[in-house]
Amino acid sequence: SQGRLEGAGDLLWRRGDLGLTLDGGARNIDLAPGVAGETDTYARRGNGLATVIWDARADTRLTTSLMGVLERQRYRVGQLYRFADNLQWAGRVAGERTSSLGRMTASMYGTAFQHLSRASTLDAPVSGSGDRDRQALWQGEFLWNAMARGVAIDAGTQLRHEQITADRVLDRRRDVSSVEPFVQATITSGAFSVVPGVRSTFSSQWGTFVAPRLAAMWRPRPEFALRASAGRGFRAPDFKELYLDFVNSAAGYAVEGNPDLRPERSTALSLGAELTGRRWWGRAGAWATDYRDFIETSEPDARGTYTYRNLTRGVMRGLELEGGLERGAWEVDVGADFLHSRDRTSGTALLGRAREVVRGSVSGPIAGSMRGTTSVVYTGRTPINRDLATNALLERGGWARVDARLTQPLPSGLTWSLGVTNLLDREMGTSWPGFTGRQFVTSLAWRGGPVSR
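Just so you know, these numbers come straight off a predicted model, no measurement behind them. (Residues numbered from 1 in each chain as written. Predicted model: local features only at pLDDT ≥ 70, side-chain atom pairs only at ≥ 80, totals over all residues. Heavy atoms only, no water.)

J.: Honestly, the overall build of the chain in this entry has me stumped. Any pointers?
T.: Secondary structure summary: the chain contains one helix and 26 strands in total. Principal-axis analysis of the C-alpha atoms places the extent of the chain at approximately 70 × 60 × 45 Å. Of all 453 residues assigned to the chain, the portion counted as buried reaches 30%. Just so you have it, the chain exposes about 26,900 Å², and 57% of that area is on carbon and sulfur atoms. When the 58 positive and 48 negative side-chain charges of the chain are each reduced to one mean point, those points stand 4 Å apart. (Helix = DSSP H or I, 4+ residues; strand = E, 2+ residues; numbered from the N terminus. Buried < 20%, exposed > 50% of the residue type's maximum accessible area, 1.4 Å probe, protein only. Areas by Shrake-Rupley, 256 points an atom, 1.4 Å probe, with all protein chains shown as cover. Lys, Arg positive; Asp, Glu negative; His and termini not counted. Charge placed at Lys NZ, Arg CZ, Asp CG, Glu CD.)

Okay, structure coming up:
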């Protein structure tokens, strides 16, 4: 239904010290993200990836990869057709060497993203028209891993340069560069392990920030462990939050960047315990994070325009529970996350974060070699807007989703599967945009083995 069609494949080849991986896929659906209409609408995507690995020597490996993604969308707003074309490429070159001094890895990564937005009264865009955005990221890394007198040392540095050029960016172009060195040590004595570390950020726009961290683990028995950690954090606003202006006429809203945003700073604490049996396991964790200058999406103004702002102080507290059980060929997994958040200035919850998420799944044989899986996810009530005058919150209601899947192995390396997403056909309306009710997915996959000559 909805013109949904998808295909994908991969090929792995190895000869001597040289290995090659090719991966590609294409998909189509007669819907566009964030757009309710289905008339003359489509979203198409094609992607490819090639990776070459050369084991030049027993202690030296070289890797290079190249990825490309092409996306095209069309939807209708009144009498106008709107078109969105996205082109992304990414490349990486890396070398790894192991010696008596440890393992050293150096890599260079680059990616570019181009977005072209056009409109026309015809069902095809006019060549040479439209607004273009170009984003680029260049990143270099050097890593060193070694053992010194029983202490594991991990150190390195990351160099990063990011750039955006667009008509809807103030002064059309923005650049930011940063250098982030880090080091940590893992010190083990009997059942105890302690991991001190520190990461520094030197940014051309945000200056210097130092983020220390200390983690510890006690494992008195192989099946039981206690963990604890404390550290500081830093997150700079990205280009979208700072500068980019975006208008979605079909959905009736706009987003404006805020160039006056400040970086987020945080202090985090966590405690956890895990216990593992022969056919079962369980894990529990509690964490707390205090934020300064927390970046939040504001409620829309009278024109339907969203923007971003800093909250002076924010706090989040959480509890995470997970467990699993194996009984013969059957598997059961359950989990729950509980969250308490507060903007200390207004006394209300932070936006966009559900108070609880509960999930569970059961998997096992149905008939013969066919296996079935049923999963349930409940997402609790979520604050989505705040009235600055009254501090009243607008909340999105909680909802449960049930998914099911059948998988059947076939001869000659084939596998067939049938899945149902949102089995109960829940539709949540405008508070859950893009949620389109029940969906069926079927696939046929083939995996071939090596061919001898």
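J.: Got a minute to help me understand the nonpolar core in this structure?
T.: For soluble globular proteins, nonpolar side chains are generally found buried alongside one another. Membership of the largest hydrophobic core is limited to 10 residues, which are Ile-164, Val-176, Phe-239, Leu-242, Tyr-243, Leu-244, Val-255, Leu-261, Ile-295 and Tyr-308. Tyr-291, Leu-311, Met-316 and Leu-350 belong to the second-largest nonpolar core, a separate cluster that totals five residues. (Core = buried A, V, L, I, M, F, W, Y, C linked by side-chain atoms within 4.5 Å.)

J.: In this structure, what is going on with the environment of Ala-349? I would like to understand it.
T.: With respect to the helices and strands, Ala-349 occurs in the loop between β19 (330-343) and β20 (356-367). Placed 41 residues apart in sequence, Ala-349 and Tyr-308 show a C-alpha to C-alpha distance of 16 Å. Beyond its immediate sequence surroundings of up to four residues, Ala-349 is in contact with Ser-341, Arg-342, Pro-383, Arg-386 and Leu-393. (Contact = heavy atoms within 4.5 Å.)

J.: Help me understand the packing of aromatic side chains in this model?
T.: Any two aromatic rings considered together are summarised by their centre-to-centre distance and by the angle between their planes. If you walk through the whole model with that rule in mind, you get four aromatic pairs. Note on Trp-89 and Trp-138: the rings are 6.2 Å apart at their centroids and 65° apart in plane angle, and the pair reads as edge-to-face. With Trp-89 in strand β5 (residues 80-99) and Trp-138 in strand β7 (residues 131-148), this pair connects stretches of sequence that are 49 residues apart. For Trp-138, a relative accessible area of 44% translates into the label partly exposed. Look at Phe-209 and Phe-234: their rings are 4.9 Å apart centre to centre, the planes differ by 25°, and that puts the pair in the stacked class. Taken together, the residues Phe-209 in strand β11 (residues 207-221) and Phe-234 in strand β12 (residues 224-235) connect sequence positions 25 residues apart. You can call Phe-209 buried: its relative accessible area is 5%. (Phe/Tyr/Trp six-rings, centres within 6.5 Å; stacked < 30°, edge-to-face > 60°.)

J.: Teacher, can you tell me more about the pattern of salt bridges here?
T.: Should the charged atoms of two oppositely charged side chains come close, the side chains can pair. Applying the stated criterion to the full structure yields 25 salt bridges. In this structure, Glu-162 and Arg-160 form a salt bridge, with 3.7 Å as the shortest nitrogen-oxygen distance. Measuring nitrogen to oxygen at the nearest pair gives 3.6 Å for the salt bridge that ties Arg-359 to Glu-322. Taken together, the residues Arg-359 in strand β20 and Glu-322 in strand β18 (residues 308-327) connect sequence positions 37 residues apart. On the basis of relative accessible area, Arg-359 is assigned to the partly exposed category, the value being 28%. On the basis of relative accessible area, Glu-322 is assigned to the partly exposed category, the value being 32%. (Salt bridge = Lys/Arg side-chain N within 4 Å of Asp/Glu carboxyl O.)

J.: Just to check I follow, could you spell out the environment of Phe-294 for this structure?
T.: Note on placement: Phe-294 falls in strand β16 (residues 280-297). Along the primary structure Phe-294 and Gly-419 are separated by 125 residues, whereas in three dimensions their C-alpha atoms are 39 Å apart. Not counting chain neighbours up to four residues away, the residues in contact with Phe-294 comprise Glu-264, Arg-309, Asn-310, Leu-311, Met-316, Leu-350 and Arg-353.

J.: Can you walk me through the pairing of β20 in this structure?
T.: Regular strands place side chains that alternate from one sheet face to the opposite one. Of the strand pairs in this sheet, β19 and β20 are connected by eight bridges, and their pairing is antiparallel. Note on β20: the bridge partner recorded for Asp-337 is Val-357. The pairing of β20 with strand β21 (residues 370-379) spans 10 bridges and is antiparallel. Bridge assignment links Gly-360 to a residue of β21, and that residue is Val-376. Once β20 ends, the chain turns through two residues before running back antiparallel as β21, passing Gly-368 with a positive phi of about 60°. (Pairing = 2+ DSSP bridges.)

J.: Can you walk me through the pairing of strand β22 (residues 382-386) in this structure?
T.: Most of β22 is tucked away, with four of its five residues classed as buried. Looking at chain direction, β22 and strand β23 (residues 393-396) are connected through four bridges and run antiparallel. Residue pairing in the sheet places Arg-386 in a bridge with Leu-393 of β23.

J.: Would you mind going over the side chain of Asp-293 with me for this structure?
T.: Counting through the fold element by element, Asp-293 comes out in strand β16. In this structure the side chain of Asp-293 is engaged in a polar contact, spanning 2.9 Å, whose partner is the side chain of Arg-262. Apart from the residues within four sequence positions on either side, Asp-293 is in contact with Arg-262, Pro-263, Glu-264, Asn-310, Leu-311 and Thr-312. (Polar contact = N/O pair within 3.5 Å; in protein donor to acceptor, adjacent residues only side chain to side chain.)

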